[in-house]
Amino acid sequence: MNRARKSNTPLRGRSRSNDEHDLRARLTTLRIGHGYDLHRLVEGRPLFLAGVQISHSRGLLGHSDGDVVLHAICDAVLGAMGIGDIGQHFPDTDERYRGIDSSELARHVAALMRDEGWSIGNVDVTICAEEPRLAPHRHAMRNRVADLLGAPITSISIKAKTNEGLDAIGRGEAIAATAVVLLEDAPGVQREV
Ligand code: MG
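Nothing here was measured: the structure is a model prediction, and the numbers come from that model. (Residues numbered from 1 in each chain as written. Predicted model: local features only at pLDDT ≥ 70, side-chain atom pairs only at ≥ 80, totals over all residues.)

Draft legend 1. Spatial organisation of the environment of Ala50. One can find Ala50 in the loop between strand E2 (47-49) and strand E3 (52-54). Along the sequence, Ala50 and Arg138 sit 88 residues apart, while their C-alpha atoms lie 9.3 Å from each other. Sequence-distant contacts of Ala50, that is, excluding residues within four places in its chain, are made with Val69, Leu70, Met141, Arg144, Val145 and Ile158. (Helix = DSSP H or I, 4+ residues; strand = E, 2+ residues; numbered from the N terminus. Contact = placed C-beta atoms within 7 Å.)

Have a look at this one:
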């Protein structure tokens, strides 16, 4: 068993042949990241989800516009690159980010991603909201995220569900979102291995 394990880890302690370089390059082609965010719903704020303003009686409270979808996506992209989270890059103690359109944050994160030689493989988002009904806005939200990240709309999935009336989300006091992002080497990138 030990012998088999050793033979399956050829990269450690050996000189690198071209084959090993190729294998290593393939192994570093994909990175996965996960993001989660939740904001409280309050009166007197517009509701923004995935960079789209959605007609509703309440909006999400936050230092920025409270867009949980874009925040979860940003965290997933930053997480895939291993460079922290949205709170580190855009601190809520910084007055520059007060009331900021989260689309600007997403554009900034997408630029970081490109600078590091990555492109979007795909994005899969789940929004948990008791209301409003989000299905009619799904195409606009996918389109907006695709535009912000510089990815085709076919690479962007946005799903929505209720919380079956349970807990703060179910009582309509908050909206949450999770995002999983796969990054792949941008075309033409020769990553150092
Ligand atoms: Mg947030």
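Draft legend 2. Seen up close, the confidence of the model for the chain. Across the chain, pLDDT averages 88, with 84% of residues at or above 70. Long-range and interchain partners of residues 1-14, a stretch whose pLDDT sits below 50, account for 3 contacts in this model, where long-range means more than four residues apart. (pLDDT = per-residue confidence, 0-100.)

Draft legend 3. Spotlight on helix H6 (residues 138-149). Relative to the 16 Å expected for 12 residues at 1.5 Å per residue, H6 spans 17 Å between its end C-alpha atoms, a close match to the ideal helical length. Taken as a whole, H6 has its buried residues at Met141, Arg142, Arg144, Val145, Leu148 and Leu149. Projected down its long axis, H6 carries its buried residues within an arc of 165 degrees, all on one side. The elements touched by buried residues of H6 are E2, E3, helix H3 (68-81), helix H5 (102-115), strand E5 (118-128) and strand E6 (156-161). At the exit of H6 stands Gly150, carrying a positive phi of roughly 70 degrees. (Expected span 1.5 Å × (residues − 1). Buried ≥ 20, exposed ≤ 12 C-beta atoms within 10 Å, placed from the backbone. Arc of directions from axis to C-beta.)

Draft legend 4. Layout of the packing of H3 against H5. H5 packs onto H3 with a crossing angle of 15 degrees between their chain directions and a minimal axis gap of 10 Å. When the axis of H3 is compared with that of H5, the two are roughly parallel. As H3 runs across H5, the sense of the crossing is left-handed. On H5, the residues touching Leu70, His71, Ile73, Cys74, Val77, Leu78 and Met81 of H3 are Ser102, Ser103, Leu105, Ala106, Val109 and Met113. When the residues that make up the contact of H3 with H5 are grouped by side-chain class, the tally is 10 nonpolar, 3 polar and no charged. (Axes fitted to C-alpha atoms, helices over the stretch in contact; angles between N-to-C directions. Parallel < 35°, antiparallel > 145°, perpendicular 65-115°, else oblique. Left-handed = near helix turned anticlockwise from the far one by under 90°. Nonpolar A, V, L, I, M, F, W, Y, C, P; charged D, E, K, R; others polar.)

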